[in-house]
Every structure is written in structure tokens, then in C-alpha cells.
Amino acid sequence: DSRVNRLILVRLLTGLGLEALEAENGVEALDLLRAHPEAIDLVLLDVVMPELDGYETLAAMKTDDSTRHIPVIIVSAVEELDSVVRCIELGATDYLTKPINPRILEARVNASLAAKRLRDLELEYMDQQRRLTQTIERQKSELSRFLSPQISSLISSDDGERLLAGHRRQITVAFCDLRGFTSFAEQADPEELFGVLGEYHRMMG
């Protein structure tokens, strides 16, 4: 709520190459966060503020799915241990007391931003894995339309890549015509068809 303190923090953050947005109370801060949750990577939050104090603002952030993963550094003149513990329990990443030491602020901000970037990469990886799994399941479903369930399952297994690998063999092909085979092949399941052919080959052998 102190304009002077906000100007000091903005100047320090700008000096670190960061873009800073200001809010003078908790209500304004939550409105800003909920309007741009993906654009904000870190929150510096005071404890003593009008309308909505730091504790209530932090609690509201951590119960909102759109803002709960944004790291929060408490920046406050309140030095009591109970206040520090309460903020950490509510989900704060760090706690700094005023007056702010610029070097300590830089170290804590960089650490929080690094953790946020790691979290974003983890979420991106999980999303990629989810989309890959959906693609594989869709492809398996498409395969089952053209292949028997056993062949479709075998191709999708760990041995599928080996079975599909290119290979050459010397084979002998015999062409013959079986009476009624065409109509039988049109009506029979693949398993029954190959079973009959296998039995025929055994008899001919």
C-alpha cells in the first residue's frame, strides 16, 4: 500500500531486467492476477495492506487453480516468527523483511523464477506426454479397424517394432485355385481363414 515502497521495488526489479506490475492492495492484486495468470511469473506481496491483507491474498491465490502455482515472496516489515511461519504454511516461497537488501532480493527472485521455469517445463512435458498418449491410442483404434485384434495388439506391443522391421527371406509361392474358396474367404474371420489354409498346407505337405 506504500507508493514509495512500490517505486523502490519496481526500480530494483527493472534493474534486473524484469517487467513489474503494481497493485496497491490485495483486491487489486487478485484482479490483476486473475486477468493475466499466464503472464505473471512471480508475486512480491506485502502483509499489511488495506481491503485485503497479505495473508488473505496469499490464501486466495493458493486456492485458485489459475494462480496457485505462481511463486510468492513476502516482502514485509513484520518480522515476527509467527508471521513468517503462517505465510510459509499458506504457500509462500520466501519471506523478506524490510528494508530490502538489493542483493538478497536479486538472489531470492532469481531462485523463485528458476523454480517457476522448471515447473513450467514439467507441465509442458506432461502435456506433451498426454497428447502423445492420445495419438497412440487413436492410432491403435484405427489399426483395429483393419487388422484382427490379435495382430493389432501384437503390433502395439514391445515386439511390434521388431516385427515391422524390414527383412528379406527366400520363399516359394504356389498358386492354386480351391473350389468355393472366394465366397468362403469373404465370409470367414481372418483367424478361421488362416486356420483352414494352415490345415490345407499340412495336408499337402
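In case you missed it, the structure is sitting above this.
Throughout this description, residue numbers start from 1 for each chain and increase along the sequence as written. Owing to the predicted nature of the model, reporting of local features is limited to residues with pLDDT of at least 70; listing and counting of side-chain atom pairs is limited to 80 or more, with chain, interface and lining totals taken over all residues. To get the side-chain values, all heavy atoms of the structure are used, and hydrogens and water are removed first.

Asker: I keep staring at the environment of Glu19 and nothing clicks. Help me out?
Answerer: Numbering of helices and strands starts at the N terminus; helices are DSSP runs of H or I of at least 4 residues and strands are runs of E of at least 2. Tracing the backbone through its elements, the reader meets Glu19 in the loop between helix 1 (3–15) and helix 2 (26–35). In this structure the C-alpha to C-alpha distance between Glu19 and Ile40, which are 21 residues apart in sequence, comes to 9.5 Å.

Asker: Help me out: how do you make sense of the pattern of salt bridges in this one?
Answerer: When charged atoms on two side chains of opposite charge get close, those side chains can pair. One side-chain nitrogen of Lys or Arg within 4 Å of one carboxyl oxygen of Asp or Glu is enough to make a salt bridge. For the structure shown, the criterion picks out 11 salt bridges. Across the salt bridge formed by Arg6 and Glu22, the nearest N and O atoms sit 3.1 Å from each other. Residue Arg6 is located in helix 1, and its partner Glu22 is located in the loop between helix 1 and helix 2; the two are separated by 16 residues in the primary sequence. The residue Asp94 makes a salt bridge to Arg108 at a minimum N-O spacing of 2.9 Å. Pair noted here: Asp94 is in strand 3 (residues 94–97) and Arg108 is in helix 5 (residues 102–146), with a separation of 14 residues, a long-range link. Exposure categories follow from relative accessible area, calculated using a 1.4 Å probe and restricted to protein chains: below 20% of the type maximum is buried, above 50% is exposed, and the middle band is partly exposed. Looking at Arg108, the relative accessible area reads 31%, which means it is partly exposed. Three or more residues joined by partner-sharing salt bridges are found here, namely Asp41, Lys116 and Asp120.

Asker: What is the right way to read unusual backbone geometry from this model?
Answerer: Trans is the common state for peptide bonds, and a negative phi is the common state for residues other than glycine. Between Lys98 and Pro99 the backbone carries a cis peptide bond, its omega angle lying at -5 degrees. Mapped onto the elements, Pro99 comes out in the loop between strand 3 and helix 5. Despite not being glycine, Glu51 has its phi angle at roughly 70 degrees, a positive value. Residue position: Glu51 is located in the loop between strand 1 (43–45) and helix 3 (54–62).

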